[in-house]
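# Examining the three-dimensional arrangement
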Amino acid sequence: GAGVSQSPSNKVTEKGKDVELRCDPISGHTALYWYRQSLGQGLEFLIYFQGNSAPDKSGLPSDRFSAERTGGSVSTLTIQRTQQEDSAVYLCASRQTPGLAGGPNTGELFFGEGSRLTVL
Amino acid sequence: KNQVEQSPQSLIILEGKNCTLQCNYTVSPFSNLRWYKQDTGRGPVSLTIMTFSENTKSNGRYTATLDADTKQSSLHITASQLSDSASYICVVSATGGGADGLTFGKGTHLIIQP
């Protein structure tokens, strides 16, 4: 597609259930990012993929959160045993590999519209 | 630790007025700085990028400045319109580092009143 696609756009679930959020990045973008945004707050980094590997997963808030990326394309963020504090908008972004390590890093992030998660 | 601080946290101005948003950073080694606009319920969209050698860059009614010595950037909006109501996020890139070198500010929430 022309842009980053996320699904579902809205998800309401009961506390304790598992949820899966999907991100389909722009074709050819090797870098993929997941962020979380609570109401009225800034973006909180969760995890970053380069290809299928995750060099930085330092932002995942607990072991209930996991993510994978297959074929260097689609990524899935899974939240197990959801809690009310997990309620937020989950944003995915992708970009072309900015450049070699130590070199210029100018790549623009292209964001999806987000998946709004509400845990009752 | 790399940090990006934005001010003000929120701002309300009348339609047609100008405003300036601030971004101070302690990111090293600096690569570039981007301003993103996030409309309510949407994902952020890039407005402009500033590299080390650039002092000023315009995109329509938006003008960004960068002072690499004081590590400050500003985003000036001229003749504001209702559609400018949004959050404006400053993102600074460093070569290397976590999350592919990106550090986000918390954003300035701008409201334009008719």
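Relevant structure appears above.
Basis of the calculations
- Residues numbered from 1 in each chain as written.
- Chains lettered and ligands numbered in written order.
- Predicted model: local features only at pLDDT ≥ 70, side-chain atom pairs only at ≥ 80, totals over all residues.
- Heavy atoms only, no water.
- Helix = DSSP H or I, 4+ residues; strand = E, 2+ residues; numbered from the N terminus.
- Rg over C-alpha atoms; globule rule 2.2 N^0.38 Å.
- Buried < 20%, exposed > 50% of the residue type's maximum accessible area, 1.4 Å probe, protein only.
- Areas by Shrake-Rupley, 256 points an atom, 1.4 Å probe, with all protein chains shown as cover.
- Lys, Arg positive; Asp, Glu negative; His and termini not counted.
- Charge placed at Lys NZ, Arg CZ, Asp CG, Glu CD.
- 1 Å grid on protein atoms, 1.4 Å probe; cavity = no way out; pocket = protein on both sides within 12 Å on 5 of 7 lines; lining within 4 Å.
- Points joined across faces, edges and corners; volume = space filled by probe spheres on them.
- Nonpolar A, V, L, I, M, F, W, Y, C, P; charged D, E, K, R; others polar.
- Contact = heavy atoms within 4.5 Å.
- Salt bridge = Lys/Arg side-chain N within 4 Å of Asp/Glu carboxyl O.
- Pairing = 2+ DSSP bridges.
- Axes fitted to C-alpha atoms, helices over the stretch in contact; angles between N-to-C directions.
- Phe/Tyr/Trp six-rings, centres within 6.5 Å; stacked < 30°, edge-to-face > 60°.
- Lys NZ or Arg CZ within 6 Å of the ring centre and 35° of its normal.

## Points about the overall build of chain A
- Check the secondary structure of chain A and you find zero helices and 11 strands.
- Written out in order from the N terminus, the α and β elements of chain A read β-β-β-β-β-β-β-β-β-β-β.
- At 14 Å, chain A has a C-alpha radius of gyration in line with the 14 Å of a compact globule built from 120 residues.
- Oriented by its inertia axes, the alpha-carbon framework of chain A measures out at about 45 × 30 × 30 Å.
- Taking all 120 residues of chain A together, 46% fall into the buried category.
- As displayed, chain A has an accessible area near 5800 Å², and 47% of this comes from carbon and sulfur atoms.
- A distance of 2 Å separates the average location of the 11 positive side-chain charges in chain A from that of its 12 negative side-chain charges.

## A closer look at empty space enclosed by the protein
- As enumerated under the stated definition, the model contains one cavity of 30 Å³ or more in all.
- Computed from the structure, the largest cavity encloses a volume of approximately 30 Å³.
- A:Arg95, A:Gly107, A:Leu109, B:Asn32, B:Arg34, B:Tyr36, B:Val91, B:Ser93 and B:Leu102 together form the lining of the largest cavity.
- For the lining of the largest cavity, the elements supplying multiple residues, two or more each, are strand S4 (30–38) and strand S9 (86–94) of chain B.
- In terms of residue count, S4(B) provides more of the lining of the largest cavity than any other element does, three residues in total.
- Across the lining of the largest cavity, the residue classes tally to four nonpolar, three polar and two charged.

## Here we look at the layout of surface pockets
- What the largest pocket holds in volume is close to 720 Å³.
- When residues of the lining of the largest pocket are traced back to their parent elements, those giving at least two are strand S9 (88–95) and strand S11 (115–119) of chain A together with strand S1 (3–7), S9 and strand S11 (108–113) of chain B.
- Residues belonging to the lining of the largest pocket are distributed by class as follows: six nonpolar, 19 polar and six charged.

## Overview of the interface of chain B and chain A
- Listed as interface residues are 21 residues of chain B and, on the opposing side, 22 residues of chain A.
- Where chain B packs against chain A, one counts one salt bridge.
- Residue B:Arg42 is joined to A:Glu113 by a salt bridge in which the shortest nitrogen-to-oxygen separation is 2.4 Å.
- If you list the elements that add at least two residues to the side of chain B that touches chain A, you get S4, strand S5 (45–51), S9 and strand S10 (102–104) of chain B.
- Counting residues per element, the side of chain B that touches chain A draws most heavily on S4(B), at five residues.

## Some details on the side chain of B:Thr103
- Checked against the element boundaries, B:Thr103 lands in strand S10.
- Filtering out sequence-adjacent residues up to four positions away, B:Thr103 remains in contact with B:Asn2, B:Gln3, B:Val4, B:Val27, B:Cys90, B:Val91 and B:Val92.

## Here's the deal with the sheet that holds strand S3 (residues 19–24) of chain A
All names here are of chain A.
- Judged by pairing direction, the sheet is antiparallel, and its four strands sit side by side in the order S1-S3-S8-S7 without closing on themselves. Taken across any chain shown, the strands that pair with only one partner, and hence form the sheet edges, are strand S1 (5–7) and strand S7 (65–69). The sheet shows a mean angle of 15° between the axes of neighbouring strands, direction not considered.
- Relative to strand S8 (residues 75–79), S3 runs antiparallel, the two sharing five bridges. In the strand pairing of S8, Val19 is matched with Ile79.

## With respect to the packing of aromatic side chains
- Counted under the stated rule, the structure contains eight aromatic pairs over all chains.
- Residues A:Tyr35 and B:Phe104 carry aromatic rings whose centres are separated by 4.9 Å and whose planes lie at 55° to one another, so their mutual orientation is tilted. Highlighted residues: A:Tyr35 in strand S4 (residues 31–37) and B:Phe104 in strand S10, drawn from two different chains.
- Each ring, one from B:Tyr25 and one from B:Phe30, has its centre 5.1 Å from the other, and the planes form 25°; the classification is stacked. The two residues B:Tyr25 and B:Phe30 agree in class, both being buried.
- Site record: aromatic cluster; members linked through ring pairs are A:Tyr33, A:Tyr35, A:Phe45, A:Tyr48, A:Phe111, B:Tyr36 and B:Phe104.
- The ring of B:Tyr62 is capped by B:Arg61, whose NZ or CZ atom sits 5.8 Å from the centre of that ring.

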